[in-house]
Amino acid sequence: MSDNDTTTDARTRRDYLKYGGAVISGGLLAGCTGDADSQSTPESTDSDASTVTANPDATTPTAADSYTVSMEPMGEVQFDSAPERWMAYFSTYGDMAIALGQLEGLAGLIFTENWPMAFFDAIPNVDVTFDDIPQLMRDGSIGKEAFYEMDSDVHLFDPNFVQVLDDTWSDSDFTEVRTNIGPIVGNSIRRRNDDWHDYRYYSLYEAFDRIADAFQERERYAAFADLHDSLLTEINNGLPPENERPTVGLLSINSDFEGGSFYAYPVHDGNGHKQYRDLGMRGAFDEVIDGSYAEWDYEQLLDVDPDILLFQYGFSHVSTEEFEDRMATMREDPIGQQLSAVQNDRLYRGGTSYQGPIINLFQTEAAAKQFYPETFGEWHGLGTTSDQEQLFDRQRVAAIINGEI
């Protein structure tokens, strides 16, 4: 379940690549060296729970002018005009581009699978489908020729993480893509403890801010930031005192339920668990897991015995029926059925850790209702929340995406 590092020639991984006068880290895997700016810039630790503001250093002239966007690890990236065609790694940056009204220009995704599509289906007058969108990750590798076929104006991914996925990619391959096809912009923000990520991290809205600059979509960004801030204000005003909040054990839905082996997680500081931190979640495993995850059996789960069990990737990697089948397996296990969360029917689908602004709104609302039903209303499953019970306005999301700001 962890992203394993791959070793190659150390010198190659530490080479610097020139881009528009800026320096990019060529150390694309473990032990890479950031550029001068990233070394002097402290890691961002600002919580997304605070009011979101635009990047004061960004340059956003009219679309007819050349402009730059600054984001590690690529540094200063130059655009001659606002991109029309784009591709992305997965649902973090893909979600951002869709939120900015760029769905029509989507040329490809490294992964089209495992998006929580039910969230997008819940947005009126917005049709998000990937039926004709090429998926680049095939048989464990990413073909460079596909980038030429897509002919994207911008590539939204962290090249360091792409090379974690496919270590056949070299520094020169990324230089070729950005030189011959289009710029690369992105930073892997899912979690903050990967050995290969030794340059600046960004919060969700800090990263979204830069992508909005790339597309020259400041109004849409500001509208989403307002919606996000309003949701968090409502939640913060309704949170019960910490000692009255339930303990929540975070497990993976991709665990071996039949074999009784579970991937358990503490709540981490990256974007992947943003909604849990914003909700003041009491992570049941935070003090007992040393590292990013552990593999536990039923006995170890019972030793901690959280009030709630939340299954990460429950919205993205399994259907409702598949989720219920796995919960039935847990309920039938002689030790599993002793768990408080099982006995009190507090087994919930959790979010994907690859969330952009749209997915984050839905995942925050779902978790608020799952954790604190007395305050925010009972959770009855996705698609069953009435307009009066919603914590954010789906019509407003649709209006922003469609440019009706």
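Structure: above.
Report follows, based on the coordinates.

Basis of the calculations
- Residues take numbers from 1 onward in each chain, read along the sequence in its written order.
- Owing to the predicted nature of the model, reporting of local features is limited to residues with pLDDT of at least 70; listing and counting of side-chain atom pairs is limited to 80 or more, with chain, interface and lining totals taken over all residues.
- Only heavy atoms go into the side-chain values, all of them from the structure, while hydrogens and water stay out.
- To qualify as a helix, a DSSP run of H or I must reach at least 4 residues; to qualify as a strand, a run of E must reach at least 2; elements of each kind are numbered from the N terminus.
- Accessible area is worked out with a 1.4 Å probe on protein chains only. A residue is then buried under 20% of its type maximum, exposed over 50%, and partly exposed in between.
- The term salt bridge refers to a pairing of a side-chain nitrogen on Lys or Arg with a carboxyl oxygen on Asp or Glu at a separation within 4 Å.
- The pocket and cavity definitions rest on a 1 Å grid over protein atoms only: a 1.4 Å probe that fits but cannot leave marks a cavity, an open set with protein on both sides within 12 Å along at least five of seven lines marks a pocket, and residues lining either have an atom within 4 Å of a point.
- Grid points are joined across faces, edges and corners, and a volume is the space filled by probe spheres set on the points.
- Asp, Glu, Lys and Arg are counted as charged, while Ala, Val, Leu, Ile, Met, Phe, Trp, Tyr, Cys and Pro are counted as nonpolar; the rest, among them Gly, fall into the polar class.
- Pairing of aromatic rings covers Phe, Tyr and the six-membered ring of Trp, with a centre-to-centre limit of 6.5 Å; geometry is then stacked below 30 degrees between planes, edge-to-face above 60, and tilted otherwise.
- Lysine NZ or arginine CZ positioned within 6 Å of the ring centre and within 35 degrees of the ring normal marks a charge as sitting over the ring.
- Strands are treated as partners if at least two bridges between them are detected by DSSP.

### Overview of the overall build of the protein chain
Summing up its helical and strand segments, the protein chain has 16 helices and 16 strands in all. Sorting the 405 residues of the protein chain into buried and exposed places 58% on the buried side.

### Structural notes on the pattern of salt bridges
Under the counting rule described, the total for this entry stands at 10 salt bridges. Measuring nitrogen to oxygen at the nearest pair gives 3.1 Å for the salt bridge that ties D194 to R191. You'll find D194 and R191 in the same group, each marked buried. D209 serves as the salt-bridge partner of R218, at 2.7 Å between the closest nitrogen and oxygen. The class for R218 is partly exposed, based on a relative accessible area of 22%. When its relative accessible area of 2% is taken as the criterion, D209 is described as buried. Connected through shared salt-bridge partners, K144, D173 and E176 make up one network.

### A word on empty space enclosed by the protein
According to the stated counting rule, one finds two cavities of 30 Å³ or more in the structure shown. The computed volume of the largest cavity comes to approximately 110 Å³. Lining the largest cavity, in full, are Y89, T92, Y93, L156, F157, D158, F161, N187, S188, I189, R190 and Y354. Of the residues assigned to the lining of the largest cavity, the class counts are seven nonpolar, three polar and two charged. Taken as a whole, the second largest cavity encloses approximately 40 Å³ of empty space. Considering the residues around the second largest cavity, the lining is formed by Q275, Y276, L310, F315, R349, G350, G351, Q363, A366, A367 and Q370.

### Concerning the packing of aromatic side chains
Within the structure shown, the criterion is met by 31 aromatic pairs. Relative to F111, the ring of Y89 lies with its centre 5.9 Å away and its plane at 80 degrees, an arrangement referred to as edge-to-face. Highlighted residues: Y89 in the loop between β5 (86-88) and α3 (91-99) and F111 in the loop between β6 (106-109) and α4 (117-121), separated in sequence by 22 residues. Y89 gets classed as buried once you look at its relative accessible area, which sits at 10%. Here F362 and F392 contribute two aromatic rings whose centre-to-centre distance is 4.9 Å and whose plane-to-plane angle is 85 degrees, an arrangement assigned as edge-to-face. Here F362 is found in helix α14 (residues 357-371), whereas its partner F392 is found in the loop between α15 (373-376) and α16 (394-401), with 30 residues between them in sequence. Members of the aromatic cluster, each reached through a chain of ring pairs, are Y89, F90, F111, F161, W196 and Y354. Lying across the ring of F392, R394 places its NZ or CZ 4.3 Å from the centre.

### A look at the sheet that holds β6
One open sheet holds the four strands; their spatial order is β6-β5-β9-β10, and the pairing between them is parallel. The two strands at the open ends of the sheet, each matched to only one other strand, are β6 and β10 (184-185). Examined bridge by bridge, β5 and strand β9 (residues 154-156) share three bridges and lie parallel to one another. Bridge assignment links M87 to a residue of β9, and that residue is H155.

### Here we look at the pairing of strand β11 (residues 247-252)
Judged by how many residues are buried, β11 sits mostly within the fold: six of six residues are covered. Here two bridges tie β11 to strand β13 (residues 282-283), and the two strands are oriented parallel to one another. Each bridged residue has a counterpart across the sheet, and for T247 the counterpart in β13 is R282. Taken together, the five bridges between β11 and strand β15 (residues 308-312) define a ladder with parallel strand orientation. Bridge pairing in β15 places L250 opposite L310.

These values are about where atoms sit, not about what they do.
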